[in-house]
Amino acid sequence: MASVPDIRSCEKKLWDSSNLRKYCLNFEEVPRLFYDDPRVDEFICSHKPVVILGSNLVKPAIDRWSLEYIERNMGTDVNTVFFSRNHKFKYFDDKKIHSCNNPRGVEFSPPMRKEEMKIEDFMKRLREWKRGEERLYMQQSLTSAVGPNIVQDFIGFNWKWINSKQKAHNWGKLTSNLLYISMEGNVTPCHYDEQENFFAEVHGYKRCILFSPDQFQCMYPYPVHHPHDRQSMVSKMVMMTI
Ligand SMILES: O=C(O)CCC(=O)C(=O)O
């Protein structure tokens, strides 16, 4: 990979290595480039990850979306919240689980549970959370059901820029917009997505560990009919022993 100048000095760094989980792997950093650098398109075009700076993609959210603002403005509909007994939130598709309505499904015990919660109940659980309790992770689609202020903020995202990227790279439709509110230390285990992703960090920090597609077979994905389809069967412990 071509070397890219280090431009992180202009960013506020909210973490150091003590905030990160330890993995027995050698990491190479994903390049960080300003949105108007022509190399952004070169990276996207060659299916390589890139951190894009200065695009103002979600500026209204950066300016306003504190936890308090979200609580006041999210609206009255319920939100999808996952609960896990440990730090891992391994996605599963409940439509693939065996049941009397789905006799051909797979016998499966979900590793986490899902609850639909009002935003104020989620925030209360978050505020009152104590070590040893189930961890929480809200993963909610942003639809027109959210309150009017959040809708206005969403309309103010930099759609012109993102649509230009979609067009330039011949991507499919922009299909879903998810709001994630995580506790520090939560982990989404290794998986692949079926479409391109733009991820915008509004507050805090998130580490994404990406494996090259040429490692696909080493990741041992679950069979497609399994509730953990798209997830890797490789756990951290296994990876440390090979
Ligand atoms: O990183 C997460 O916690 C969820 C997002 C995700 O799984 C993804 O974008 O593929």
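The text that follows walks through the structure, step by step, so that each part is easy to find. (Residues numbered from 1 in each chain as written. Predicted model: local features only at pLDDT ≥ 70, side-chain atom pairs only at ≥ 80, totals over all residues.)

**Brief notes about helix H6 (residues 159-168)**
Side chains that are three or four residues apart share a direction in an α-helix, a result of its 3.6 residues per turn.
Then comes step 1: Little of H6 is tucked away: 0 of the 10 residues are buried.
Then comes step 2: Count one or two residues on from H6 and you reach asparagine 170, which has phi positive near 60°. (Buried ≥ 20, exposed ≤ 12 C-beta atoms within 10 Å, placed from the backbone. Helix = DSSP H or I, 4+ residues; strand = E, 2+ residues; numbered from the N terminus.)

**Focus on the pairing of strand E3 (residues 79-84)**
Then comes step 1: Where E3 meets strand E4 (residues 113-117), 5 bridges bridge the pair, whose relative direction is antiparallel. The residue of E4 that forms the bridge with phenylalanine 83 is arginine 113.
Then comes step 2: Examined bridge by bridge, E3 and strand E5 (residues 135-141) share 4 bridges and lie antiparallel to one another. Opposite valine 81, over in E5, you have methionine 138 as the bridge partner. (Pairing = 2+ DSSP bridges.)

**Describing the site of the ligand**
Then comes step 1: Every residue close to the ligand is listed here: Tyr180, Thr188, Asp193 and Asn197.
Then comes step 2: Per-class residue counts for the shell around the ligand are 1 nonpolar, 2 polar and 1 charged. (Near = placed C-beta within 6 Å. Nonpolar A, V, L, I, M, F, W, Y, C, P; charged D, E, K, R; others polar.)

**Details of the sheet that holds E4**
Then comes step 1: As summarised here, the arrangement of the 4 strands in space is E4-E3-E5-E6, forming an open sheet in which the pairing is antiparallel. What marks the edges here is a single partner per strand, and that holds for E4 and strand E6 (178-182). Neighbour-to-neighbour, the strand axes of the sheet open up by a mean angle of 25°, direction not taken into account.
Then comes step 2: Running over the sheet, helix H4 (residues 119-128) touches E3, E4 and E5 and is turned about 155° from E5. (Axes fitted to C-alpha atoms, helices over the stretch in contact; angles between N-to-C directions. Contact = placed C-beta atoms within 7 Å.)

**Brief notes about the nonpolar core**
Then comes step 1: If you look at the biggest cluster of nonpolar residues, it comprises 11 residues: Ile70, Met74, Val81, Phe82, Ile119, Phe122, Leu136, Met138, Val146, Ile150 and Ile181.
Then comes step 2: Elements represented by at least two residues in this core include exactly E3, H4 and E5.
Then comes step 3: Not counting the four nearest positions on each side in its chain, isoleucine 70 is found in contact with Trp65 and Ile119. (Core = buried A, V, L, I, M, F, W, Y, C linked by C-beta atoms within 7 Å.)

Function cannot be read off these values alone, since they describe shape.
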